[in-house]
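What follows is each chain in one-letter form.
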Amino acid sequence: MSEPFSVPVTVRGYETDTQGHLNQSVYLNYAEHARWSLLQAAGIRQAELVASGVGPVALETTIRYRRELLAGDEVSVSCAFEWGEGKTFRIRQLVTKADGTVAAEIDAVGGLMDLSERRLVADPRQRFKELAAEPELFGL
């Protein structure tokens with residue numbers, strides 16, 4: 001199995017809370033940034049998704065905080081898709097410090113919404129294969 005897609009991020013001071021560690025909501029921003037970066041690396045741009053009549057939706061997100069992050073910390077945020085047979089898929093993400101310490105685990109359930117029907121598409125795996133120039137980045 002190949003390494004999951006990841007993006008580097010530096011924790012910025014304005015993202016920290018009064019205790020000096022990364023604010024809880026910012027983890028979601030980092031995860032979202034990694035997911036959109038993966039889409040772009042695979043050759044899917046947001047405008048193209050909308051033009052094709054679909055858009056990704058988050059259905060559930062769980063964050064497990066393992067170690068604190070401080071301003072200036074360098075991290076990588078990974079993103080790996082797991083496909084089942086239904087209308088949804090899982091996205092597993094890790095926020096990892098430069099020394100290899102996992103700071104957070106983010107697990108999400110997502111889908112691909114048909115924007116005109118306002119319903120999940122039946123086979124998101126197939127739709128991503130059709131849209132992506134590099135579907136292997138999604139594990140396809």
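The name given to the protein in an unreviewed UniProt entry is Acyl-CoA thioesterase, and the organism recorded there is Streptomyces salinarius.

Chemist: Just checking my understanding: could you explain the side chain of Thr 96 for this structure?
Modeler: Mapping Thr 96 onto the fold places it in strand β4 (residues 88–97). Every residue in contact with Thr 96, bar those within four places of it in the chain, is listed here: Glu 74, Val 75, Ser 76, Thr 101, Val 102 and Ala 103.

Chemist: Explain helix α1 (residues 24–41) here, please?
Modeler: Along an α-helix, a turn takes 3.6 residues, which lines up residues three or four apart on a common side. Look at α1: 27 Å from first C-alpha to last across 18 residues, which is about the 26 Å you get at 1.5 Å a residue. Once α1 ends, the next one or two residues include Gly 43, with phi positive near 95 degrees.

Chemist: How do you make sense of unusual backbone geometry when you look at a structure like this?
Modeler: Negative phi values dominate among residues other than glycine, just as trans dominates among peptide bonds. Positive phi, normally seen in glycine, also occurs at Arg 118, with a value near 60 degrees. Within the fold, Arg 118 resides in the loop between β5 (102–114) and β6 (119–120).

Chemist: In this structure, what is going on with the packing of aromatic side chains? I would like to understand it.
Modeler: When we look at a pair of aromatic rings, we describe it by the centre distance and by the angle of the planes. Inspection of every chain in the model, using the stated rule, returns nine aromatic pairs. Considering the side-chain rings of Tyr 27 and Tyr 65, the 5.0 Å spacing of their centres and the 75 degrees angle between planes classify their relative orientation as edge-to-face. Of this pair, Tyr 27 sits in helix α1 while Tyr 65 sits in strand β2 (residues 54–65); the two residues are 38 residues apart in sequence, bridging distant segments of the chain. Here the aromatic cluster, defined as three or more aromatic residues joined through ring pairs, consists of Phe 81, Trp 83, Phe 89, Phe 128 and Phe 138.

Chemist: Please clarify how the pattern of salt bridges should be interpreted in this entry.
Modeler: Side chains bearing opposite charge may pair, as long as their charged atoms lie close to each other. Considering all chains together, one arrives at seven salt bridges under this definition. Among the ionic pairs, Glu 32 bridges to Arg 35, the shortest N-O distance being 2.4 Å. In this pair, Glu 32 and Arg 35 are both assigned in helix α1, three residues apart and thus about one turn of the helix distant. Glu 32 sits in the partly exposed class, given a relative accessible area of 34%. One salt bridge in this structure joins Arg 92 and Asp 107, with 3.3 Å as the shortest N-O distance. Here Arg 92 is found in strand β4, whereas its partner Asp 107 is found in strand β5, with 15 residues between them in sequence. The class of Arg 92 is partly exposed, set by a relative accessible area of 32%. One network of salt bridges, in which partners are shared, links Arg 64, Arg 66, Glu 82, Arg 92, Glu 105 and Asp 107.

Chemist: Sorry, what's going on with the nonpolar core here?
Modeler: Most often, soluble globular proteins keep nonpolar side chains buried together rather than apart. The biggest cluster of nonpolar side chains holds 35 residues, and the ones touching the most others in it are Tyr 30, Leu 69, Val 77, Phe 81, Val 95, Phe 128 and Phe 138. Mapped onto this core, the elements with two or more residues apiece are β1 (5–10), α1, β2, β3 (74–83), β4 and β5. A per-element tally of this core places α1 first, with seven residues. With residues up to four places along the chain from it excluded, the contact list for Val 77 reads Phe 5, Ser 6, Val 7, Val 9, Tyr 30, Ala 31, Ala 34, Gln 93, Leu 94 and Val 95.

Chemist: Sorry if this is basic, but what is going on with the side chain of Arg 35 here?
Modeler: Residue Arg 35 is classed as buried on the basis of its relative accessible area of 16%. Not counting residues up to four positions away in its chain, the partners in contact with Arg 35 are Cys 79, Ile 91 and Gln 93.

Parameters at a glance
Residues numbered from 1 in each chain as written. Predicted model: local features only at pLDDT ≥ 70, side-chain atom pairs only at ≥ 80, totals over all residues. Heavy atoms only, no water. Helix = DSSP H or I, 4+ residues; strand = E, 2+ residues; numbered from the N terminus. Contact = heavy atoms within 4.5 Å. Expected span 1.5 Å × (residues − 1). Phe/Tyr/Trp six-rings, centres within 6.5 Å; stacked < 30°, edge-to-face > 60°. Salt bridge = Lys/Arg side-chain N within 4 Å of Asp/Glu carboxyl O. Buried < 20%, exposed > 50% of the residue type's maximum accessible area, 1.4 Å probe, protein only. Core = buried A, V, L, I, M, F, W, Y, C linked by side-chain atoms within 4.5 Å.

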